[in-house]
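Commentary on secondary and tertiary structure
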Amino acid sequence: MSAPDPALADLLGLVAYGELLAFDRLAADARLAPDLRRRAALSEMAAAEIAHYRWIADRISALGVTPDEAMAPYVAALQAYHDSTEPKDWLEAVTKAYVGDAISDDFLRVIADGLDGPDQRLILDVLHDSQYAEFAAAEIRAAIGADPRVANRLSMWARRLVGEALSQAGRVAAADRGALTALISREGVDVPALFRRLTDAHTARMTAVGLNN
């Protein structure tokens, strides 16, 4: 039997801890919801995140690595991002979900392109579906429609989220044990081009909900 690919285990460790934090965050953000309907919607999303974590953790274990070991290098970096971008209210929470999660998903889609079939499908399956983004986008548009001044506040918040996400990417790279970086290089990902793609996609998302870049 061939040895497990350390790059795959490291990538899955990053994804697993992201899912675990997403569950924590959505469960907390649900308490900011202005009504029970929206509280239930976020609670359902949180439940999906913990189910996704379980899928990833099971795959890590199948590689002969414990999930704790695979996640450990990324705990400080990802926790720092979420600690520095804790939303103060409902609109900041849904904007963070709309902006921050989408950037992460875009990055993982690029990396997943270079994986073998089953692992590629696993990564793509845990990314947020369109219903998730549509819910957040609808909340942002409705808030701006009710009070156009909200757009400036949320635009500033979104810019801060992107800045923190880029800083987080640097911290993740510094924490990486080398295998994940090697995977990105092995798949021929042009890092400057990747960041341009992420930025372009972010700009389009901001425009779609009436926020300024």
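Residues numbered from 1 in each chain as written. Predicted model: local features only at pLDDT ≥ 70, side-chain atom pairs only at ≥ 80, totals over all residues. Heavy atoms only, no water.

Next up on the list: the overall build of the protein. From N to C terminus, the protein includes ten helices and zero strands. Going from the N terminus to the C terminus, the protein shows its helices and strands as α-α-α-α-α-α-α-α-α-α. Taking all 213 residues of the protein together, 48% fall into the buried category. Intrachain contacts of the protein at a sequence separation of at least 6 include 80% that bridge at least 24 residues. Accessible area of the protein: about 10,400 Å², with a carbon and sulfur share of 57%. (Helix = DSSP H or I, 4+ residues; strand = E, 2+ residues; numbered from the N terminus. Buried < 20%, exposed > 50% of the residue type's maximum accessible area, 1.4 Å probe, protein only. Contact = heavy atoms within 4.5 Å. Areas by Shrake-Rupley, 256 points an atom, 1.4 Å probe, with all protein chains shown as cover.)

Next up on the list: the packing of helix H1 (residues 6–29) against helix H5 (residues 90–112). Interaxial distance between H1 and H5 falls to 12 Å at its minimum, and their mutual angle equals 165°. With respect to H5, the element H1 is oriented roughly antiparallel. Crossing hand, H1 versus H5: left-handed. Within the contact between the two elements, H1 uses Leu11, Val15, Arg25 and Asp29 and H5 uses Trp90, Ala93, Lys96, Ala97, Asp101, Leu108 and Ile111. Partitioned by chemical class, the residues of the contact of H1 with H5 number seven nonpolar, no polar and four charged. (Axes fitted to C-alpha atoms, helices over the stretch in contact; angles between N-to-C directions. Parallel < 35°, antiparallel > 145°, perpendicular 65-115°, else oblique. Left-handed = near helix turned anticlockwise from the far one by under 90°. Nonpolar A, V, L, I, M, F, W, Y, C, P; charged D, E, K, R; others polar.)

For the rest of this paragraph, the subject is the packing of helix H2 (residues 36–62) against helix H7 (residues 130–146). At their nearest, the axes of H2 and H7 sit 12 Å apart, and the two run at 150° to each other. If you check the angle between H2 and H7, you find them roughly antiparallel. Considering the relative orientation of H2 and H7, their crossing is left-handed. Seen from H2, the contacting residues are Arg37, Arg38, Ala41, Leu42, Met45 and Glu49; seen from H7, they are Tyr132, Phe135 and Glu139.

To continue, consider H2. Count 3.6 residues to each turn of an α-helix, and residues three or four apart come out pointing the same way. Counted at 1.5 Å a residue, the expected span for H2 with its 27 residues is 39 Å, and the 39 Å between its end C-alpha atoms agrees. Taken as a whole, H2 has its buried residues at Arg38, Ala41, Leu42, Met45, Ala46, Glu49, His52, Tyr53, Ile56, Ala57 and Ile60. On its buried face, H2 is in contact with H1, helix H3 (67–71), H5, helix H6 (117–126) and H7. The residue sitting at the N-terminus of H2 and contributing the capping side-chain oxygen is aspartate 35; that oxygen lies 3.2 Å from the backbone nitrogen of arginine 37. (Expected span 1.5 Å × (residues − 1). Polar contact = N/O pair within 3.5 Å; in protein donor to acceptor, adjacent residues only side chain to side chain.)

Overall, the coordinates contain eleven salt bridges when judged by the stated rule. Put simply, arginine 153 and aspartate 89 hold a salt bridge, and the shortest N to O gap is 3.1 Å. In this pair, arginine 153 is assigned in helix H8 (residues 150–175) and aspartate 89 in the loop between helix H4 (75–84) and H5, connecting sequence segments 64 residues apart. Its relative accessible area of 34% is what places arginine 153 among the partly exposed residues. Relative accessible area serves as the criterion here: at 25%, aspartate 89 is assigned to the partly exposed category. In the salt-bridge network here, residues are joined through shared partners; they are Arg25, Asp29 and Asp101. (Salt bridge = Lys/Arg side-chain N within 4 Å of Asp/Glu carboxyl O.)

The biggest cluster of nonpolar side chains holds 33 residues, and the ones touching the most others in it are Leu42, Trp90, Leu91, Tyr98, Val99, Ile140 and Leu211. Within the residue set of this core, elements represented by two or more residues are H2, H5, H7 and H8. By residue number, the principal contributor to this core is H8, which donates eight residues. Ignoring sequence-local partners within four residues, the contact set of isoleucine 140 consists of Val94, Thr95, Tyr98, Leu154, Val209 and Leu211. Within the second largest apolar cluster, 29 residues are counted, among which are Ala9, Tyr17, Leu78 and Leu115. (Core = buried A, V, L, I, M, F, W, Y, C linked by side-chain atoms within 4.5 Å.)

By themselves, these are just geometric observations and shouldn't be taken as functional.
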